[in-house]
Amino acid sequence: QVQLVESGGGLVQPGGSLRLSCAASGFTFSSYTMSWVRQAPGKGLEWVSDIDSGGGSTYYADSVKGRFTISRDNAKNTLYLQMNSLKPEDTAVYYCKPKEEDYWGQGTQVTVSS
């Protein structure tokens, strides 16, 4: 069955960095455009970033452009999100998913606070 396991979240001060990972299994990871999506407390889902199946094309929400970098390792079936210059408004649960499929993991909590 499809499994998506996000990790790497935590508590970080404003201006700090975190690297999220998403281990995927149960589907042909290398064939799918993958996305990071987040949900802040009391708010709806917000798209953060996409990366195409080969990793050659990436897309970002304006709110994270220039601060976050999405990448993938198809040999390891793993998706990454490098987050730099974190802001309190980046506080959310972060999820990875195939862009066009309704598969979800448990998410990883990112809290940016001093």
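Residues numbered from 1 in each chain as written. Predicted model: local features only at pLDDT ≥ 70, side-chain atom pairs only at ≥ 80, totals over all residues. Heavy atoms only, no water.

Details of the pattern of salt bridges
Oppositely charged side chains may form a pair once their charged atoms are brought near each other.
No. 1: Taken as a whole and judged by the stated rule, the model has five salt bridges.
No. 2: With its nearest N and O atoms 2.7 Å apart, the salt bridge here joins Lys 99 to Asp 50. Placement of the pair is Lys 99 in the loop between strand E9 (92–98) and strand E10 (108–112) and Asp 50 in strand E5 (residues 45–51), with a sequence separation of 49 residues.
No. 3: Judged by relative accessible area, which is 6%, Asp 50 ranks as buried.
No. 4: Where Arg 67 meets Asp 90, a salt bridge forms, and the shortest distance between an N and an O atom there is 2.7 Å. Taken as a pair, Arg 67 in the loop between strand E6 (58–60) and strand E7 (68–73) and Asp 90 in the loop between strand E8 (78–83) and E9 lie far apart in primary sequence, 23 residues in all. Asp 90 matches Arg 67 in its accessibility class, with the two residues each being buried.
No. 5: One continuous salt-bridge network, built from bridges that share partners, spans Arg 38, Glu 46, Arg 67 and Asp 90. (Salt bridge = Lys/Arg side-chain N within 4 Å of Asp/Glu carboxyl O. Helix = DSSP H or I, 4+ residues; strand = E, 2+ residues; numbered from the N terminus. Buried < 20%, exposed > 50% of the residue type's maximum accessible area, 1.4 Å probe, protein only.)

Things to note about the packing of aromatic side chains
No. 1: Counted under the stated rule, the structure contains four aromatic pairs.
No. 2: Connected via pairs of aromatic rings, a cluster forms that spans Phe 27, Phe 29, Tyr 32 and Tyr 103.
No. 3: The ring of Phe 29 has Arg 72 lying over it, and the distance from NZ or CZ to the ring centre is 4.4 Å. (Phe/Tyr/Trp six-rings, centres within 6.5 Å; stacked < 30°, edge-to-face > 60°. Lys NZ or Arg CZ within 6 Å of the ring centre and 35° of its normal.)

Structural notes on the nonpolar core
No. 1: If you look at the biggest cluster of nonpolar residues, it comprises 26 residues, and the most contacted ones within it are Trp 36, Phe 68, Leu 79, Leu 81, Met 83 and Tyr 94.
No. 2: At the level of elements, strand E3 (18–25), strand E4 (34–39), E5, E7, E8, E9 and E10 are the ones that each hand at least two residues to this core.
No. 3: Here this core gets four residues from one element, more than from any other, and that element is E3. (Core = buried A, V, L, I, M, F, W, Y, C linked by side-chain atoms within 4.5 Å.)

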